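Read off the chains here:
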Amino acid sequence: MARGGLIIFDYLLDETEDMHSLLLTDSSTLLVGGLQNHILEIDLNTVQETQKYAVETPGVTIMRQTNRFFFCGHTSGKVSLRDLRTFKMEHEFDAFSGSLSDFDVHGNLLATCGFSSRLTGLACDRFLKVYDLRMMRAITPLQVHVDPAFLRFIPTYTSRLAIISQSGQCQFCEPTGLANPADIFHVNPVGPLLMTFDVSASKQALAFGDSEGCVHLWTDSPEPSFNPYSRETEFALPCLVDSLPPLDWSQDLLPLSLIPVPLTTDTLLSDWPAANSAPAPRRAPPVDAEILRTMKKVGFIGYAPNPRTRLRNQIPYRLKESDSEFDSFSQVTESPIGREEEPHLHMVSKKYRKVTIKYSKLGLEDFDFKHYNKTLFAGLEPHIPNAYCNCMIQVLYFLEPVRCLIQNHLCQKEFCLACELGFLFHMLDLSRGDPCQGSNFLRAFRTIPEASALGLILADSDEASGKGNLARLIQRWNCFILTQLHQDLQELEVPQAYRGAGGSSFCSSGDSVIGQLFSCEMENCSLCRCGSETVRASSTLLFTLSYPEDKTGKNCDFAQVLKRSICLEQNTQAWCDNCEKYQPTIQTRNIRHLPDILVINCEVNSLKEADFWRMQAEVAFKMAIKKHSGEISKKKEFALADWKELGSPEGMLMCPSIEELKNVWLPFSIQMKMTKNKGLDVCNWTDGDEMQWGPARAEEEHGVYVYDLMATVVHILDSRTGGSLVAHIKVGETYHQRKEVSEGVTHQQWYLFNDFLIEPIDKHEAVQFDMNWKVPAILYYIKRNLNSKYNLNIKNPIEASVLLAEASLARKQRKTHTTFIPLMLNEMPQVGDLVGLDAEFVTLNEEEAELRSDGTKSTIKPSQMSVARITCVRGQGPNEGIPFIDDYISTQEQVVDYLTQYSGIKPGDLDAKISSKHLTTLKSTYLKLRFLIDIGVKFVGHGLQKDFRVINLMVPKDQVLDTVYLFHMPRKRMISLRFLAWYFLDLKIQGETHDSIEDARTALQLYRKYLELSKNGTEPESFHKVLKGLYEKGRKMDWKVPEPEGQTSPKNAAVFSSVLAL
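Criteria and thresholds
Residues numbered from 1 in each chain as written. Predicted model: local features only at pLDDT ≥ 70, side-chain atom pairs only at ≥ 80, totals over all residues. Heavy atoms only, no water. Pairing = 2+ DSSP bridges. Helix = DSSP H or I, 4+ residues; strand = E, 2+ residues; numbered from the N terminus. Disulfide = S-S within 2.5 Å. Buried < 20%, exposed > 50% of the residue type's maximum accessible area, 1.4 Å probe, protein only. Patch = residues over 30% accessible without salt bridge, like charges linked within 9 Å, V, L, I, M, F, W, Y side chains within 5 Å. Areas by Shrake-Rupley, 256 points an atom, 1.4 Å probe, with all protein chains shown as cover. Salt bridge = Lys/Arg side-chain N within 4 Å of Asp/Glu carboxyl O. Core = buried A, V, L, I, M, F, W, Y, C linked by side-chain atoms within 4.5 Å. Contact = heavy atoms within 4.5 Å. Arc of directions from axis to C-beta. Phe/Tyr/Trp six-rings, centres within 6.5 Å; stacked < 30°, edge-to-face > 60°. Lys NZ or Arg CZ within 6 Å of the ring centre and 35° of its normal.

Participant: Describe the pairing of strand S19 (residues 194-199), and please don't skip the residues or the numbers.
Facilitator: One ladder, built from five bridges, connects S19 with strand S20 (residues 205-210); its direction is antiparallel. Within the sheet, the bridge partner assigned to valine 199 lies in S20 and is leucine 206. Where S19 folds back onto S20 in an antiparallel hairpin, the turn is made up of five residues, including lysine 203, whose phi is positive at roughly 65 degrees.

Participant: Provide a residue-level description of the state of the cysteines, including the pertinent values.
Facilitator: For the coordinates displayed, the defined rule picks out zero disulfides. Among the cysteines around cysteine 389, which has no disulfide bond, cysteine 391 carries the closest sulfur, lying 7.7 Å off. By relative accessible area, which is 0% here, cysteine 389 ends up buried.

Participant: Hey, could you go over a nonpolar patch on the surface for me, with residue numbers and the actual values?
Facilitator: A cluster of nonpolar residues, Val298, Phe300, Ile301 and Tyr303, forms a patch on the protein surface that exposes about 450 Å² of accessible area. Looking at the secondary structure, you find valine 298 in strand S22 (residues 296-298). A relative accessible area of 56% means that valine 298 is categorised as exposed.

Participant: Describe in detail the side chain of threonine 112, supporting the description with residues and values.
Facilitator: Along the chain, the position of threonine 112 falls in strand S10 (residues 109-118). Relative accessible area serves as the criterion here: at 0%, threonine 112 is assigned to the buried category.

Participant: Run through the pattern of salt bridges, naming residues and quoting values.
Facilitator: Enumeration over the complete set of coordinates arrives at 30 salt bridges. Of the charged contacts, one joins glutamate 290 and arginine 293 as a salt bridge, the two residues approaching to 2.7 Å between their closest N and O atoms. Highlighted residues: glutamate 290 and arginine 293, both in helix H1 (residues 289-294), separated by three residues, approximately one helical turn. Taking relative accessible area as the criterion, arginine 293 reaches 61% and is therefore assigned exposed. When the shortest N-O distance is used, the salt bridge between aspartate 934 and arginine 930 registers 3.2 Å. Of this pair, aspartate 934 and arginine 930 both sit in helix H17 (residues 922-935), separated by four residues, roughly a single helical turn. For arginine 930, a relative accessible area of 6% puts it in the buried group.

Participant: Before we move on, could you go through the nonpolar core and cite the residues and values that matter?
Facilitator: One broad trend across soluble globular proteins is that nonpolar side chains are buried collectively. Among the nonpolar cores identified, the biggest contains 105 residues, and Tyr388, Ile474, Trp477, Phe518, Tyr780 and Phe939 are the most heavily contacted of them. Here phenylalanine 518 is in contact with Leu399, Val402, Leu482, Thr540, Leu541, Pro595, Ile597, Val599 and Tyr780, once residues within four sequence places are set aside. Residues Val355, Val714, Val726 and Tyr781 belong to the second largest nonpolar core, which totals 55 residues.

Participant: With reference to specific residues and values, describe the environment of cysteine 525.
Facilitator: For cysteine 525, the location among the structural elements is in strand S24 (residues 520-528). By relative accessible area, which is 11% here, cysteine 525 ends up buried. With 64 residues separating them along the chain, cysteine 525 and arginine 589 place their C-alpha atoms 6.3 Å apart. Leave out the neighbours within four places in its chain, and cysteine 525 touches Glu533, Thr534, Val535, Ile586, Gln587 and Thr588.

Participant: Can you break down helix H10 (residues 558-566) residue by residue, with the values?
Facilitator: Regarding H10, the residues found buried are Phe558, Ala559, Val561, Leu562, Ser565 and Ile566. An end-on view of H10 places all buried positions within 160 degrees of arc, on one side of the element.

Participant: A description of the packing of aromatic side chains should follow, citing residues and the corresponding values.
Facilitator: Applying the stated criterion to the full structure yields 40 aromatic pairs. Residues phenylalanine 208 and tryptophan 218 carry aromatic rings whose centres are separated by 5.8 Å and whose planes lie at 70 degrees to one another, so their mutual orientation is edge-to-face. With phenylalanine 208 in strand S20 and tryptophan 218 in strand S21 (residues 215-219), the pair connects residues that are 10 residues apart, well separated along the chain. The ring of phenylalanine 96 has lysine 129 lying over it, and the distance from NZ or CZ to the ring centre is 4.9 Å.

Rendered as structure tokens:
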């Protein structure tokens, strides 16, 4: 029912008997229980039954909910605790032998009252049964001096209980203390019995309902705290048929709906077309000065008494011209909460703001990435140093020729950006919506001297404070990465997959595929005033926009500015061979050959360029409005249905909405034509235009090309967080086909990529730039039908030879120190083979955390880990348990903590000059693991999720067998490998330090034990009993392994004879 007493809906329950309990679990879900063996879940929005939960003990009379369980009280005297998601019973308390009267839950205590069976029938039990929810057992019962019928916790200063009898007696006592007869009060009901009782949300008032329909209100103070803004109940009005009441206009709160409006099919005056109206937002009025004067701040919240100068929820209209211009940096925030923030922050849409990961005790395991990304594409995590380039990595990934080229590349260089980018692209391919991190790519990026020389490597302090100009930084990074990839691939043989459709080579010898895709061949002509002319050929991978100097505000197409930037003409001082001195020269640039992918740096680095974009967007907006208004005026009449059609997807092309035309200057497509006199014609092009140079198949002959906008990289201005970089990317059909695993997917879609936030957007949003907070940085245009020219198959470049024996980087390593036997040719792993894996790590940067006022720790930035040792052992065959990979990973970065107690890594083990271990590069070991993943082996280990995360590998879930989860019960703690080995295998491991060989071998043995106990997973119930015994034993032992005298660690025992034979 509504507050006015009107019935919103009736719901007939066919299969129910007596309804006794209702529980509103959230704003739209209701649980209904009664004297039947099931509980119904009803959605209040759709008024439909959504779930039906079976109840083992019929008769649910009371239901309560906490953040851990549903509590169900049964007519048999039992209280069952049920799972919040599945409603399955987790625990059950047999409280009373007769029946249950009432119960309540607070914190870790459950208190119940009820009836016990006597010879003469049921008798009210004066003992309250109290249970501890931490240990799931009963504690000392509480004896009271009244016959308890109702009870409630009143947690003010202590966890007091209020016990009420039906005769009106009320007693207060502590649940773990003794009841005092002096604490008994009496309620004088009008009727003979009290029928119900409840406590207010503030715990300052008690309400009693008696059998005569009266409510008795008790409080603990003369002025209890209630809702000061409560509304009077609006009762249903009588039926108005013959006469209508007069309206008194002096009454502000009189509802105008008293006068019914007749139903009409004609067009109403208020039905304005979208083209003739514009939204005019009304900003909030300033806060009253009296409120600001009397306000007291507690933390970041301000409190002040209400001066009562205005009617509540009423704001006068001030429709001034200046009010519509609230998007101004000069606006001063009057809110006491927002005075410390920048005034324009509210303009930045939430999805464009900088996203951060909130860390808990479990790290990232309980962070809900799905809340930010509901697509199947993978985001990139932002907490790694120099992760500002995440948006550009996504742009390169969604360029299909670049993605295929990079994944086909593999070389011997230790720090090759093309190789690392290919590994990262492979992870993005495998991911099904889970975020990835580019830690290995950025690790290689930090080792490139050119990156440091260009100022692309930010210090942690600069990155956190946002001191660097991100727009300039990402444009320099864009130029750097294209040049670096061009150099990495220039000397390599072109892959077979990159040969043209006609069989000709994709690129000439000495050039790279990156050069063919991005490079533009040019002629630079220098004309001296003496008449001497010098011409030299060059090429560039990208262009920088050059803006005109005049500020007349005239219309200037983007195509004109682009042509001016490509065919640049400037006056400068240059050396003249004829004059033999520096002379003023006119330098012009002509285009020989257009690239397949046109990359443009916008160079909006000052207010001058920003004003130019803003001015051109305003001119373009006025012209678009004029154009569409002219089209509308040519029509004779528009019915209401016609206006609706204009807002439909079919009518979108004919008449876009006002919002879609604002702040737009950038075209979605441009047409470029090479003229016979080495000139270049550029014009904006729309899908409705006809190419005047003939069909697309004749474009090579005429030199006419159409470029479609594929990506825009945007700088978000946010002084609170230092700003951020996001990308709008048009994702093609092939990417959707791979992710959706369905044939026939042909749609393209624009997406916003903001680190790990990915959201589909309208295409107009990709070209709308509000220069107050959203500034364009980089544009990518690609030739139409570019992908159809090439065979884009990917051939995995990683071969089985990576698993064969290799030399160690350590100078002092000896054969007697070898701890593994490499795989022989007849031992090469096959699909489904088991491989035991364990890894050890060292710390490069310590964790950054802060203590809150309540004493809890909040992680600001997690510690940066680096893999130091990776071990793989054979999982089957005659050599089962013998390692075939035991690599120590050389690192050039400074290690702040070797974590020797947990990793077994000692200072010097990772130094090639003094180490005696088998030392390799991270790339070498990474290739071995990638080969094992690609071949389809199954990895067995303990805590593999963290291992793969630090190694920076994406492994399909069906190839991971993690003993952490195999021996784990829901909502229970994770169990250490040391305790599992002691309990199931009677092994004592990890005595002084950890050893990855020992841990990997133990995980394999535990997996064999799991298969034995669960009968290969066919008997989950029997294995569940084994896990119960494991957790009971763990609680008794405090999860500590006993250490008998004379105990030696197994890793101090003799190693395998085959290893000694080495």
